[in-house]
Each structure stands twice: as C-alpha cells, then as structure tokens.
Amino acid sequence: MRYIVCVKQVPESNDLKFDPDENKVLKIGVSTIINPFDQFALEQAIKIKNEGDEIIAISIGDAETKSTLMRCLALGADKGILLDDEDFKDSDTFATSNILATAITKIGNYSIIFCGNSSIDTGSSQVGPELASILKIPQVTYVESVENVENGKVKVKAQTDEGYRIIESELPLVIAAIPPSSFQPNIPPLPKILAARKKPFDIWKTEDIEGDQSKFGSNGSVIKIIKLYKPPKREQGIVFTDEPNTAVEKLMELLSKDKVI
Amino acid sequence: MIEFTEEQELIRESVKEFAQKKIAPIALDMEKHKEIPADIIKGMAELGILACTADPAYGGSGLNAVTAGVVAEELAKGDCTGSTCVFYLVQAAWGYLLNKYGTEEAKKEIFPKATSGDWFLGIATTESGGGTDVVGGKTTIKKDGDSFIVNGEKMYISGVREAVTNGGGHITIAHQSPELGSRGMTVFYLPLTAEGITPTYIDDLGREGISCGGFAIDNVKIPKHYILGEENKGFYIIHEGYEYARALIAVICAAAGLKSLENGMNYVKERKVFGKPLAKFQEINFRLAEHYTKLEMLKRLGYEALRAIDLEQEGKGNRFETSKIVAMSKMFASDWACEAINDVIQWQGAFGYSRECPDQAAWRAVRSFSLAEGTREVMKMIVARELLGKELTSYK
C-alpha cells in the first residue's frame, strides 16, 4: 500500500502577523511548525502501515518547508516530496488542491491520501474535499481514527455533531483527519532525525509533475482576499478569586447589574 | 555567527517541544520533590539526549559539541530550575570523555544503561580540600594485580543519590603516582554502587531536582577496564571533559538568562506603574538592552567554544586555542545571567521574590555555574596563561 500524506508548514505563533498590502500571512520573523492536524494524519498513516507499505509526505512550499518534511521523515514517513516552484506561489486552496492532485497523480498507485482536516493558520478545511473531487475518489472528513485496512477497504471513525460514525470505504480515498483533544503529537527522537537525511527526498517543479501552469498559483486561484485583519482583541474578563460562596455572590451581583439575569 | 544545520534545527525543535511541554509545567515541582520524575528521565532517554555524545554503536546519538549545545539551550529555556540541564550536561560532557578515552568493555557496559536513563553517569573530581585545583585532591588509586584500589573522598558532586539508588557512577581522578603531581594522575570510572562507597548529601541552594553530595571511598576495587586513557595521563584527559562541560554551561547560562528576560519583558509590557507600562521607564528598557546584548554575546561565544571543540575533534583545531575560548565563554556566564535574572526578579516586585516565580529558581541554578566545572577565577587564569605564556601564569 502507498499512503500519501499532505502536510503544511504553518506559523507557530498564535499572534499572526499580516502584510496588509498583499493580504498575506507573514512568515518572516515567526517560527514555523507542521500543521498539528497534518501530524495527526501522518501518525494515523504510520499506525496502519505494514511491512512493505510506503508513506510519502508531500508539501508545497520553499526551501524552509523542507524542515517540515524532514520532521515527517523523522516521525516515520519513508519519502519526502517538496513542491517548490514560482508557479505555485500565491495559490488559494483550489490551486493548492490542483497542484497536490497533479503531483499525487504523478506519484500514482496510492491507496489513501491523508490530509489534516484543517490548518491552524488559514483554516479553510477545503483541500481534502477538493483533492477528492479533482481525483474523483471518495472522501471521509473529520476522521478521528483509522480503524483498519482490509481487503481493499478502510474502516474509519469519524466525528459528527452527535458523536461518531464508523464508515467503511473502498480504496483509494481521501481521509481528512482531526485529532481528538487528548492527542499528544509524537516528538521525533534525535537518532531518527539524524537518520532522516538518508531517506529519499525530491524537489519537484511544474515540469516534474507535468502540470498545467494555468491551474496553479494566482492563475489557478478562484478566491480573492479583499482584506486580511486581526479581530479586535478581547478585553480581559473578570476573575473572582474569593471563596466560592463569596465569588458566586459577587458574580450574581454583577450579572444582575449588567442585566444579564 | 554560527549557522545551524538542518538537522540541528530539527533537533532544536524536538528538544524545545519536549522541554516546553513536559518539563516547564512541572519544573518548580522538581525542586519541591527534590527529584526529576522518572517519566521525564525516560522521556529524555527516548528523545536520545542522555549521554548523547556517545557513539550510536553504544546506544548514544553521536552528537557533536555544537549539537549538544543546541540541546542544552532548549533544556535551559524549559527548565527554570536547571535540574535537567545539570542531569543532561554532565552526561553529555563526561560521556564524551568516556566515549573518547574509555575502553570498549567499559563503553559497552556503561553507555547502554546511561543512554536509557537507567544509570546516571556523573563527574566527581572535587574534594573538600580542592575543586578546580584537581592536583590538590587527596584521593589515590593503586594498582592491585589486574585491578585498582581507590581510597579518598569526593565532595559537592551532582547526581550522587541518582547513581547510588539507580546505578551508575562517576568519572573520577586520583593520584596514582603522587610524587609526579599533575603528571601522576589517572582518570577512571567509579561505580557508586561498589562496596566501600559511603554517600553523604548536601542541601544545595539551587538545581534541587538533582541531588548533590559526596562519598567516602574506602578500599574500593575497580577493574582495569574502568581506566580512561593512559595511566598517569589523567590530568590532561580530565581537562577535555571540563572544557566540554564549560562550553555547555556558557550556552545554558545564556539561555536561562534570555528566557528570564523574556519573562521579564512580558511582565513589564503589561504591568502599569503611575499610569504607564513599566517597560516605558528608561531604568528598565536600558537595563533590558544591556542584559540582552551581553547574553546574546555570551550565547554566541558559547557556540564558538563548542565549535572549537568540534574542530579539534576533526583535527582542525588547536588544544590551547580551544582552552582559551572555552574559558572566555564561561568566565562571565554565570555573572551575566545572574545579573539579568536578578533584575527580572526586581521588575516583578514581591512576586519575583516568591517561590512561585520561576526566575528565582533560575537565579539559584545559574549562580552555581561560576563555581561548577571550574571557577570564574580559574577561567581568568587560563585566558591570561594563553595570552602571556606559561612562564607568567599565576598558579606556578
């Protein structure tokens, strides 16, 4: 089986900085991490991997993005592919999905494409579903656990508003994974980091994936960001540190005064 | 300025994640309980940072000195008490020495236990009558057939309880040919579980998660394969271990100080006095700028010292140049970090003086480093010796 995991490098800080002229999230001066949803997706792939299976981590980015893919290799991916080309710059989610789908088609012979359900920077949750649509394969979103892969089918546990659904699907498919609140991402140990550099790593451009430039970057983007800004900072709330009875009394008094109750 | 490799940055990321998520939240508890929790030691082992300078063939990660510095830096930012930093640094530095000079048999016996966190590998050269002046020590080692007999005592040693309770031992130095002074000393590994070892414990001011103590050595028999390098050449060998530890200490002090400044900056930006943030007072922002500059200089010098050690290992360095830059890096490490942290304590008012404040723990930890692994004064002697020549050294 071949599992392909799509990963994104995102800013670490919650205090995102924006370029107001370009309407972009600034990467400079902010340390970056792997999107935690994507690491969870990778760990799901590693969980179901059997002998002879292959996990390929793939990401769109630049030279700095290599470190995120190296982390994937240290965590257990077998190969890394960085999609780095001027053509790919300024892609919205649709163009991003087109780039990934073209590269994944080039890789071929895949059983499951794993994505994080969302990213912690832009958070559109679109890439997984768009990939499935472009590649014309099934998708399951909000997957909290991949239960098993047997006889050409996969069984997953997916979150719903009410609880969970156990879903079975034919392969190949796209799985958009979402970690449970208890998820503790694995930390790559030093010997595996040092061993990661011996694993195969490719950098692909448009011509390597035999792609159509018009579908990538700003040419292939359908979303135009009009304005990117921070929501106003919320004022700090009031904390009552008294004994519980006194604190409740004070809270009731305040709620009543503000006509909340 | 040192540029880190891709692997070093990934290692930094891993250690940072571990230190911030696992150690930082329980750091002050380590001092209350006077120990590093077993799951933290296990985590450090799984991460591959215990005795990380040992060759992978013996279970180590085979890190070079600069990379070992990256690990030290991130631990120091995560552990305000410095306990795990000491636990880490002695095993990295003295593991390096054991890896370089130890026998195959000793390395196969000790490293798998140290890298897995089951044993503690420490350093014990100080005696009640002398520390940095190792020749002033009274401990002796005598040949006894195929074995050696050790007698004496060691004092103010980190990790005594850990080695006595869990297993392991310390790299030690003793006089084998006392009449030859520094040319008659031998370095060896001394298991603290051996018959004839009687430990004592000291209530240290800081880094309280790791024990400090001493031990009497009464006719302790050790096998020949525990000797490091050539007999009677120990004085020169031991200084390589010291230098490794000193350069790591420079980075640790810089990182602890910078972390404390970060705490201080967060505080002075929020805390208002006379209607404006504390940060707007020139008294504070000038001091901040000075401390930051000194600590950044210190960090860079620390990494230069570690790089000098690496270059020497690659056959491109010079023993005396390494000694000099290492001594330069450690000379003011503790002082500069303490000065910065002391100001951060001051900025935070009464909270800064409470046990709840991480910076007071950092101050107590960092204070130890102008003494540990060679005093500030001896660092000056070394630098002056390299500048003026041996004939004008103050200790001869």
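Throughout, a residue's number is its position along its own chain's written sequence, starting from 1. Starting at A for chains and at 1 for ligands, labels are handed out in the order in which the entities are written. Totals for whole chains, interfaces and linings use all residues, but because this is a predicted model, local features are given only for residues with pLDDT of at least 70 and pairs of side-chain atoms are given and counted only at 80 or more.

### Quick word on the overall build of chain A
Phase 1: Along its length, chain A carries 6 helices and 13 strands.
Phase 2: For the C-alpha atoms alone, the extent of chain A along its principal axes is close to 65 × 45 × 40 Å.
Phase 3: The burial tally for chain A puts 35% of its 261 residues in the buried class.
Phase 4: In this description, any two residues whose backbone-derived C-beta atoms lie within 7 Å of each other are considered to be in contact. Pairs at least 24 apart in sequence give 68% of the contacts found in chain A among residues at least 6 apart. Each helix is a run of H or I in the DSSP string that is no shorter than four residues. Each strand is a run of E no shorter than two, and both are numbered from the N terminus. The exposure label follows from counting other C-beta atoms within 10 Å of a residue's C-beta, where the C-beta atoms are placed from the backbone and the thresholds are 20 or more for buried and 12 or fewer for exposed, leaving partly exposed in between.

### Topic: the environment of D79 of chain B
All names here are of chain B.
Phase 1: Of note, D79 is situated in the loop between α4 (65-78) and α5 (83-101).
Phase 2: Judged by the 34 C-beta atoms lying within 10 Å of it, D79 falls in the buried class.
Phase 3: Between the C-alpha atoms of D79 and V268, which are 189 residues apart in sequence, the distance is 22 Å.
Phase 4: In contact with D79, other than residues within four places in its own chain, are A19, I23, A27, T84 and C85.

### Details of the interface of chain A and chain B
The accessible area lost on association of the parts is a frequent measure of interface size.
Phase 1: Contacts between the two partners involve 13 residues from chain A and, on the opposite side, 15 residues from chain B.
Phase 2: Considering each element in turn, the side of chain A that touches chain B owes the most residues, 5 residues, to helix α2 (residues 66-75) of chain A.
Phase 3: Residue composition of the side of chain A that touches chain B, grouped by class: 9 nonpolar, 1 polar and 3 charged. Each residue is assigned to one class: nonpolar for Ala, Val, Leu, Ile, Met, Phe, Trp, Tyr, Cys and Pro, charged for Asp, Glu, Lys and Arg, and polar for all the others, Gly among them.

### A word on the nonpolar core
Phase 1: One finds V5 and F114 of chain A together with L89 and L248 of chain B to be the most contacted residues of the largest nonpolar core, which totals 191 residues.
Phase 2: With 18 residues, helix α8 (residues 234-270) of chain B is the single largest residue contributor to this core.
Phase 3: When near neighbours in sequence (up to four residues on either side) are disregarded, F114 of chain A contacts Y3, I4, V5, C6, A41, L42, Q44, A45, I175 and A177 of chain A. For the purposes of this analysis, a nonpolar core is taken to be any set of buried Ala, Val, Leu, Ile, Met, Phe, Trp, Tyr and Cys residues that are connected through C-beta atoms within 7 Å.

### What about the pairing of strand β8 (residues 112-116) of chain A?
All names here are of chain A.
Phase 1: Across the 5 residues that make up β8, a large majority, 5, are buried.
Phase 2: Of the two faces of β8, the one carrying I112, F114 and G116 and the one carrying I113 and C115 are both buried.
Phase 3: Should DSSP find at least two bridges between two strands, the strands are taken to pair. Sheet topology places strand β1 (residues 2-6) next to β8; 3 bridges connect them, and they run parallel. Looking at β8, one finds that Y3 is bridged to I112.
Phase 4: Where β8 lies against strand β12 (residues 173-177), 5 bridges are found, and the strand directions are parallel. Residue C115 lies in a different strand from β12, and its bridge partner there is A176.

### Structural notes on the packing of α8 of chain B against helix α11 (residues 333-347) of chain B
Residues and elements named next belong to chain B.
Phase 1: Axis lines are fitted through C-alpha atoms, for helices just across the contact stretch, and the angle between N-to-C directions can take any value from 0 to 180 degrees. Two numbers describe how α8 lies on α11: the axes approach to 9 Å, and their chain directions differ by 15°. On the basis of their axis angle, the class for α8 and α11 is roughly parallel. Here α8 and α11 pass one another in a crossing that is left-handed. Here I249, A250, C253, A254, A256, G257, S260, L261, N263, G264, Y267 and V268 of α8 lie close against α11, whose contacting residues are A333, S334, W336, A337, A340, I341, V344 and W347. Any angle that falls under 35 degrees is termed roughly parallel, while one over 145 is termed roughly antiparallel, one within 65 to 115 roughly perpendicular, and all others oblique. Working rule for handedness: look at the near helix, and if it is turned counterclockwise from the far one by less than a right angle, call the crossing left-handed; if clockwise, right-handed.

### Thoughts on the environment of T68 of chain A
All names here are of chain A.
Phase 1: Its place among the elements puts T68 in helix α2.
Phase 2: Residue classification places T68 among the buried residues on the basis of 25 C-beta atoms within 10 Å.
Phase 3: Placed 60 residues apart in sequence, T68 and K8 show a C-alpha to C-alpha distance of 7.8 Å.
Phase 4: Residues within four places of T68 in sequence aside, it is in contact with V7, Q9, I34 and S59.

### Remarks on the pairing of strand β10 (residues 153-159) of chain A
Residues and elements named next belong to chain A.
Phase 1: Both strand β9 (residues 139-150) and β10 contribute to a ladder of 6 bridges, which runs antiparallel. When the bridges of β10 are listed, E150 appears paired with K153.
Phase 2: Here β9 hands over to β10 after 2 residues, with N151 in that stretch at a positive phi of 50°.
Phase 3: As defined by bridge partners, β10 adjoins strand β11 (residues 164-170) across 7 bridges and the pair is classed as antiparallel. Opposite V156, over in β11, you have I167 as the bridge partner.
Phase 4: A loop of 4 residues connects β10 with β11, the two strands running antiparallel in sequence.

### Side note on helix α10 (residues 319-331) of chain B
Residue and element names in this part refer to chain B.
Phase 1: In this model α10 runs 18 Å from its N-terminal to its C-terminal C-alpha over 13 residues, within 8% of the 18 Å that 1.5 Å per residue would give.
Phase 2: Every buried residue of α10 is listed here: T322, S323, K324, I325, V326, A327, M328, S329, K330 and M331.
Phase 3: Of the surrounding elements, those touching the buried residues of α10 are α8, α9 (282-313), α11 and α14 (376-388). The span expected for a helix works out to 1.5 Å for each residue beyond the first.

### Things to note about the domain arrangement of chain B
All names here are of chain B.
Phase 1: Residue ranges for the domains trace back to a domain assignment, done automatically or taken from a database. By domain assignment, chain B separates into domain 1 (6-120), domain 2 (121-228) and domain 3 (234-392).
Phase 2: In this structure, domain 1 and domain 3 have C-alpha centres spaced 20 Å apart.
Phase 3: With 24 residues of domain 1 at the interface, the matching set in domain 3 holds 24 residues.
Phase 4: Counting only elements with at least two residues in the side of domain 1 that touches domain 3, the list comes to α2 (27-33), α4 and α5.
Phase 5: It is α5 that contributes the most residues to the side of domain 1 that touches domain 3, 9 residues altogether.
Phase 6: Per-class residue counts for the side of domain 1 that touches domain 3 are 17 nonpolar, 4 polar and 3 charged.

### What about the environment of G352 of chain B?
Residue and element names in this part refer to chain B.
Phase 1: In this fold, G352 is placed in helix α12 (residues 349-352).
Phase 2: Separated by 239 residues in the primary sequence, G352 and K113 place their C-alpha atoms 40 Å from one another.
Phase 3: Contacts of G352, omitting those with residues within four sequence positions, involve V344, I345, Q346, W347, C357, D359 and Q360.

### Looking at unusual backbone geometry
Residue and element names in this part refer to chain A.
Phase 1: In this chain, L171 is followed by P172 through a cis amide linkage whose omega measures -5°.
Phase 2: Relative to the elements of secondary structure, P172 occurs in the loop between β11 and β12.
Phase 3: Even without being glycine, N151 reaches a positive phi, approximately 50°.
Phase 4: Mapped onto the elements, N151 comes out in the loop between β9 and β10.
Phase 5: One non-glycine residue with positive phi stands out, namely K259, at about 60°.
Phase 6: Along the chain, K259 turns up in the segment after α6 (244-257).
Phase 7: Under the C-beta neighbour-count criterion, K259 is labelled exposed, with 6 such atoms within 10 Å.

### Overview of α6 of chain A
Residues and elements named next belong to chain A.
Phase 1: Taking 1.5 Å per residue as the helical rise, α6 with its 14 residues ought to reach 20 Å, and the 20 Å between its terminal C-alpha atoms agrees with that figure.
Phase 2: Burial of α6 is sparse: only 0 of the 14 residues sit out of reach of the surface.
Phase 3: Of the residues trailing α6, K259 is marked for its positive phi of about 60°.

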